[in-house]
Amino acid sequence: MVVVLVVAAALIAIISLRRAEARESRAKDVTTATLRVENIAFDLESSLRGYTLSGDARFITLFDDSKASMPGALNRLKALVEDDPEQLRRARATDGFMRRYVTDYAVPVIKIRQAFPEIARDRTAGDEDRRRAKEIRGTLSTILAVEQQRSAARSRQAREVARYAVVVGSMALALSAGLVLLFGAWVARGVAAPVRRTSSAAAQVAAGDFDVRLDESGAGEVGALLSAFNSMARALDLGRRELLEQNDRLRESEQHKRDLISMVSHEIRTPLASVVGFTSLLLERDFPPDEQRRYLEIVDQQARRLAGLAGDFLDVQLLEGGGLSFDYAPFDLVDLASEQVRLFFSHADDHTIDLDVPDEPVIVNADRDRIAQVIGNLLSNAIKYSPAGGRVRLLLTANERNAQLSVVDEGMGIPVADRARIFEKFFRGPGAASAIGGTGLGLAVAREIVTSHGGRIEVESEPGHGSTFTVRLPRVSARVSA
């Protein structure tokens with residue numbers, strides 16, 4: 001409580017000193033603004049007098065400049081004294097005097113000087129000039145005198161507050177020294193409390209609460225004890241977290257194995273049965289050549305499907321073991337995209353595949369076969385998930401740094417809830433899983449290939465209106481590749 005009272009008194013003294021300084025600074029600002037207005041009034045008077053006596057047009061320029069700066073200076077003065085009714089009244093009176101001096105006297109005199117020089121130099125005109133100037137200077141002098149008096153009073157107040165602050169600060173130092181001594185005595189007797197807290201925390205750790213921590217503030221051996229206890233608790237907590245993470249990884253691995261077994265049993269059974277069945281028919285019976293060819297095409301299609309499944313399973317094993325390897329070399333992405341479209345166009349009887357690529361080569365430094373695998377997967381999915389007669393587009397664009405390849409389809413689209421998981425291993429949306437065969441591995445492998453090349457793959461989709469998969473890869477210039 002004593003410390004709070006002392007600090008509060010010191011803060012009050014400091015705030016009072018700052019307020020006194022602010023008021024003194026404001027008085028200086030008012031004085032500066034008043035002197036500025038006074039200078040403008042003097043410039044108006046002197047330039048008008050010079051013009052009436054000499055007729056030199058340069059005095060008109062000086063008069064116009066002073067007249068242009070007059071409103072700003074008067075507004076500044078009124079803004080500074082707006083919370084002081086008396087000074088504001090004087091500032092407004094000065095404003096009126098100066099404006100009337102310009103409009104009612106100075107401007108007419110200038111016009112008279114241009115037409116009748118002798119009349120403008122007449123004594124009557126000079127007396128009127130002095131009368132009006134005296135009004136302006138008198139009001140400004142009053143403003144300056146009041147502000148000087150206030151500034152002196154505020155300076156005295158600031159000195160008194162400063163003395164008070166010094167006294168309060170001295171008292172605060174003395175009281176703080178006494179309190180430090182008392183606090184030291186209390187700390188000397190406060191060793192038992194940290195030991196009791198350590199004992200209680202040890203019991204919590206023994207009960208399985210590894211998040212408990214102790215305040216390590218303490219003197220000598222007590223502080224070392226508290227620090228050692230916290231280090232022990234952190235080590236135990238870290239070990240527990242690592243074990244939990246290992247368990248999570250094991251559970252995830254087991255789940256992947258179950259998914260893989262389920263996928264193999266489901267996806268391989270159908271094409272394998274087709275291959276075995278149609279092969280047996282061809283061996284046991286004689287069919288016309290056309291019918292034999294049709295059966296052989298079915299066998300070839302199902303065998304290719306088996307080969308694709310085997311490739312997917314091999315890739316997922318490489319992904320989990322970190323064994324994907326790449327053979328980097330510069331190649332033209334335009335040629336590769338055209339090649340993939342021709343390959344799929346020959347098998348896509350029910351779909352239209354459009355190709356939009358630049359006329360100039362787009363060179364990337366990558367594994368050509370792996371990038372072909374990515375493009376093939378995207379085209380295969382676009383055809384697979386598009387209705388018969390649908391249109392699939394492959395677009396390739398490039399800037400100085402990146403190449404962007406997009407595959408656009410008009411298929412069923414991807415629900416919003418599934419987009420975040422579309423690149424996970426074995427994940428397939430409910431609609432796709434029920435209607436169309438597949439392993440759910442192609443996009444996971446594609447993402448791993450693209451990210452390993454320093455690129456990224458993204459998807460935009462609207463349910464019922466198709467999807468757009470976009471691959472971005474770093475580009476190299478044609479000169480570098482050459």
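Analysis parameters
- Residues numbered from 1 in each chain as written.
- Predicted model: local features only at pLDDT ≥ 70, side-chain atom pairs only at ≥ 80, totals over all residues.
- Heavy atoms only, no water.
- Salt bridge = Lys/Arg side-chain N within 4 Å of Asp/Glu carboxyl O.
- Helix = DSSP H or I, 4+ residues; strand = E, 2+ residues; numbered from the N terminus.
- Buried < 20%, exposed > 50% of the residue type's maximum accessible area, 1.4 Å probe, protein only.
- Pairing = 2+ DSSP bridges.
- Axes fitted to C-alpha atoms, helices over the stretch in contact; angles between N-to-C directions.
- Contact = heavy atoms within 4.5 Å.
- Phe/Tyr/Trp six-rings, centres within 6.5 Å; stacked < 30°, edge-to-face > 60°.
- Core = buried A, V, L, I, M, F, W, Y, C linked by side-chain atoms within 4.5 Å.
- Expected span 1.5 Å × (residues − 1).
- Bend = angle between axes of the 7 residues up to and from the residue.

A. Spotlight on the pattern of salt bridges. Inspection of every chain in the model, using the stated rule, returns 20 salt bridges. In this structure, R130 and D127 form a salt bridge, with 2.4 Å as the shortest nitrogen-oxygen distance. Here the residue R130 and the residue D127 both occupy positions in helix α5 (residues 123-189), the gap between them amounting to three residues, near one helical turn. Under the relative-accessibility criterion, R130 is labelled partly exposed at 45%.

B. Seen up close, the sheet that holds strand β4 (residues 391-398). Sheet architecture is open: five strands sit in the order β2-β4-β5-β7-β6, paired in mixed fashion. A strand with exactly one partner marks an edge of an open sheet, and here the two such strands are β2 (352-356) and β6 (456-461). Sheet twist, expressed as the mean angle between neighbouring strand axes with direction ignored, is 15°. Bridge analysis of β4 against strand β5 (residues 402-408) gives six bridges, and the strand direction is antiparallel. The partner of L394 across the bridge, within β5, is V407. In this fold helix α10 (residues 333-345) packs onto β2, β4 and β5, with an angle of close to 170° to the strand it touches most, β2. In this fold helix α14 (residues 442-452) packs onto β6 and β7 (467-474), with an angle of close to 25° to the strand it touches most, β7.

C. Looking closely at the environment of G72. Mapped onto the elements, G72 comes out in helix α2 (residues 57-80). Here G72 falls in the partly exposed class, since its relative accessible area comes to 45%. Sequence-wise, G72 and V37 are 35 residues apart; in three dimensions their C-alpha atoms are separated by 9.4 Å.

D. Spatial organisation of the packing of aromatic side chains. This structure, assessed with the given rule, holds three aromatic pairs. Both rings, one in Y101 and one in Y105, keep their centres 5.6 Å apart while their planes meet at 40°; by these two values the pair is tilted. Of the two residues, Y101 and Y105 are both situated in helix α3 (residues 85-115); the distance of four residues between them amounts to about one turn of the helix. Y105 carries the same exposure label as Y101, and that label is buried. Centre to centre, the rings of F326 and Y328 are 6.1 Å apart; their planes meet at 55°, and the pair counts as tilted.

E. Expanded view of the environment of R137. Structurally, R137 can be placed in helix α5. Residue R137 is classed as partly exposed on the basis of its relative accessible area, which comes to 37%. When the C-alpha positions of R137 and F97 are compared, they lie 9.8 Å apart, and in sequence the two are 40 residues distant.

F. The arrangement of α14 in detail. For α14, every residue scored as buried is listed here: G442, L443, A444, V445, A446, I449 and V450. After α14 finishes, the residue G454 shows a positive phi value of roughly 80°.

G. Up close: the side chain of Q340. Along the chain, Q340 turns up in helix α10. Given the relative accessible area of 6%, Q340 is considered buried. Leaving out residues up to four positions away in the same chain, Q340 has contacts with A372, I375, G376 and L379.

H. Expanded view of the nonpolar core. Counting 38 residues, the largest nonpolar core has L333, I371, I375, L378, L379, L394 and V407 as the members making the most contacts within it. Broken down by secondary-structure element, the contributors of at least two residues to this core are α10, β3 (363-366), α11 (368-384), β4, β5, α14, β6 and β7. With near-sequence residues (within four places) excluded, V407 lies in contact with L378, L379, A382, V392, R393, L394, S467, T468 and F469.

I. A look at α2. An ideal rise of 1.5 Å per residue puts 34 Å on 24 residues; α2 measures up with 35 Å between its terminal C-alpha atoms. The principal kink in α2, of about 35°, is found at M70, preceding the proline P71 by one to four residues. Those residues of α2 that sit buried are I60, F63, S66, M70, A73, L74, L77 and L80.

Distances and angles like these do not, on their own, reveal function.
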